[in-house]
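Given next are the chains, with one letter for each unit.
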Amino acid sequence: MNSRSDSVVSDAQQRPPRGPSMADVAALAGVSAQTVSRVANGLTNVDPSTKDRVVAAMNEIGYRPNSAARALKTGRFKSIGVIMFTLSTFGNMRTLDAIATAAAQAGYSITLIPIALPTQVELLGAFSRLGEHAVDGAIVIVESHILDRSDVSLPTGLPVVIVDSDAGDTYSVVDTDQAAGARDATRHLLELGHRTVWHVSGPEGSFSASRRRDSWEATLVAAGAEVPEVLIGDWTANSGYLHGLELAKRADVTAVFAANDQMALGLMRAFHENDIAVPDRISVVGFDDMQEASSFWPPLTTVHQDFSAVGRLCLEKLLDQIDGSGTSRGVAVIPTTLIERQSTAAPASAT
């Protein structure tokens, strides 16, 4: 008898203490459990002052909504996955920041799954890991042509939005107007009087790099200008610097369009080290309009991308799919804007 009693006591001692319940919150706030449930699930049909009282009660007693129970009741985990190829580029990080901010405002959390390479195997592995985290949908940022290939597909059954891709016939895609931005940058330099424009491109496999490169070339051809050899970079300032050292040896180079601001920064460093004045001797245009672009010396003329708008629209389109009110195919494009600063001017021969 004593042994059994000891066992019961031991089990009770080992059992973790019960956390505060919805009923505890309701009692403290002086409301019904149903009202607490509405607040916990982010519903808006609660009087603001009542909501504040419920939230204060939750905080006072340390109540945390049970996400598993909520998912069973609503069919929603209030969580989305973000699959991303690289965290090192300015554009990807700004887009991720915007997605996270918009998700938080909508009452969603995010689960980030980085992948080492933009391949079918890596993508399928990332989706498998997302399945373990129970998400309502996913945003994919791979900066690659992989998703516009007919032999590559994503798992079905989960709402998906793709950033920076040419897969609009298959998936819902959000992108900035890469082609228009590159066209504006190239035209700007030609209209200043430069006979042609050199280009430092992003990596070969990058969708955005190829869009900018193709538009740069098409703009030169339409203007009847010579198309110089493309210089392939890797988005880093160092790759721009190395190409800048080579361009500095050429007397015929008067204008360069870099596919991002970091490579433009590397170009300007190389020109400075070789006593080549920007823009008096060579004009430079970048792409992205990173926050520091206006503090380069000279301040950088560049193409502004609204990454915040991209992130917000990604989440909006994903939530529309989750709710069943949005399409799962098509491309939504965010406009770009040329920001003219002091790194561009007419060539010396034209002044």
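Residues numbered from 1 in each chain as written. Predicted model: local features only at pLDDT ≥ 70, side-chain atom pairs only at ≥ 80, totals over all residues. Heavy atoms only, no water.

Student: I tried to follow the sheet that holds strand S12 (residues 337–339) on my own but got confused; where do I start?
Tutor: Backbone hydrogen bonds hold the strands of a sheet together, and the pairing may be parallel or antiparallel. Spatial strand order, S7-S6-S8-S9-S10-S12: six strands in an open sheet with mixed pairing. In this open sheet, the two strands that pair with only one neighbour each are strand S7 (231–232) and S12. Bridge count for strand S10 (residues 301–304) against S12 is three bridges, and the pairing is antiparallel. Looking across to S12, one finds that His304 is bridged to Thr337. Together, strand S6 (198–201), strand S8 (255–258), strand S9 (283–288) and S10 form the strand contacts of helix H11 (residues 261–273), whose direction differs from that of S9 by roughly 155°. (Pairing = 2+ DSSP bridges. Helix = DSSP H or I, 4+ residues; strand = E, 2+ residues; numbered from the N terminus. Contact = heavy atoms within 4.5 Å. Axes fitted to C-alpha atoms, helices over the stretch in contact; angles between N-to-C directions.)

Student: Explain the pattern of salt bridges here, please?
Tutor: Between side chains of opposite charge, pairing is possible as soon as their charged atoms come close. A full pass over the atoms with the stated rule returns five salt bridges. Arg213 is the partner of Glu204 in a salt bridge, and the nearest nitrogen-oxygen pair spans 3.9 Å. On the accessibility criterion, Glu204 (54% relative accessible area) is exposed. Where Arg269 meets Glu273, a salt bridge forms, and the shortest distance between an N and an O atom there is 2.9 Å. One end of the pair is Arg269 and the other is Glu273, both in helix H11 and four residues apart, which spans about a single turn. The exposure class of Arg269 is partly exposed, given its relative accessible area of 46%. (Salt bridge = Lys/Arg side-chain N within 4 Å of Asp/Glu carboxyl O. Buried < 20%, exposed > 50% of the residue type's maximum accessible area, 1.4 Å probe, protein only.)

Student: How do you make sense of the pairing of S10 when you look at a structure like this?
Tutor: Looking along a regular strand, one sees side chains alternate from face to face of the sheet. Bridging between S9 and S10 involves four bridges; their strand directions are parallel. In the strand pairing of S10, Val285 is matched with Thr301.

Student: Looking at this structure, I do not really get the packing of aromatic side chains. What am I missing?
Tutor: Under the counting rule described, the total for this entry stands at two aromatic pairs. Ring centres of Phe90 and Phe307 lie 5.6 Å apart, and the angle between their planes is 80°; on these two criteria the pair is classed as edge-to-face. Of this pair, Phe90 sits in helix H6 (residues 90–105) while Phe307 sits in helix H12 (residues 307–323), and the two are 217 residues apart along the sequence. Comparing Phe90 with Phe307, the two get one shared label, buried. Note on Phe257 and Phe287: the rings are 6.3 Å apart at their centroids and 45° apart in plane angle, and the pair reads as tilted. Note that Phe257 is positioned in strand S8 and Phe287 in strand S9, a separation of 30 residues in sequence. Neither Phe257 nor Phe287 differs from the other in exposure class; each is buried. Sitting over the face of the ring of Phe287, Arg212 holds its NZ or CZ atom 3.9 Å from the ring centroid. Above the face of the Tyr241 ring, Arg269 is positioned so that its terminal group lies 3.8 Å from the ring centre. (Phe/Tyr/Trp six-rings, centres within 6.5 Å; stacked < 30°, edge-to-face > 60°. Lys NZ or Arg CZ within 6 Å of the ring centre and 35° of its normal.)

Student: Mind showing me how you'd approach the nonpolar core here?
Tutor: Across soluble globular proteins, nonpolar side chains have a tendency to be buried as a group. Formed by 26 residues in total, the largest nonpolar core has its most connected members in Leu247, Val256, Leu267, Phe271, Ile282, Val284 and Leu300. Contributing elements (two or more residues each) for this core: S6, S8 and H11. Among the elements that line this core, the one with the most residues is H11, at five residues. The residues contacting Phe271, other than those within four sequence positions of it, are Gly244, Leu247, Ala248, Val256, Ile276, Val278, Ile282 and Val284. Core analysis: the next-biggest nonpolar cluster, separate from the first, contains 23 residues, Ala103, Val310, Cys314 and Ile322 among them. (Core = buried A, V, L, I, M, F, W, Y, C linked by side-chain atoms within 4.5 Å.)

Student: What should I look at first to understand the environment of His133 in this one?
Tutor: Among the structural elements, His133 can be located in helix H7 (residues 120–133). With a relative accessible area of 45%, His133 lands in the partly exposed category. It is 8.7 Å that separates the C-alpha atoms of His133 and Ser79, two residues lying 54 residues apart in sequence. Residue contacts for His133: discarding those within four places in its chain leaves Thr111 and Ile113.

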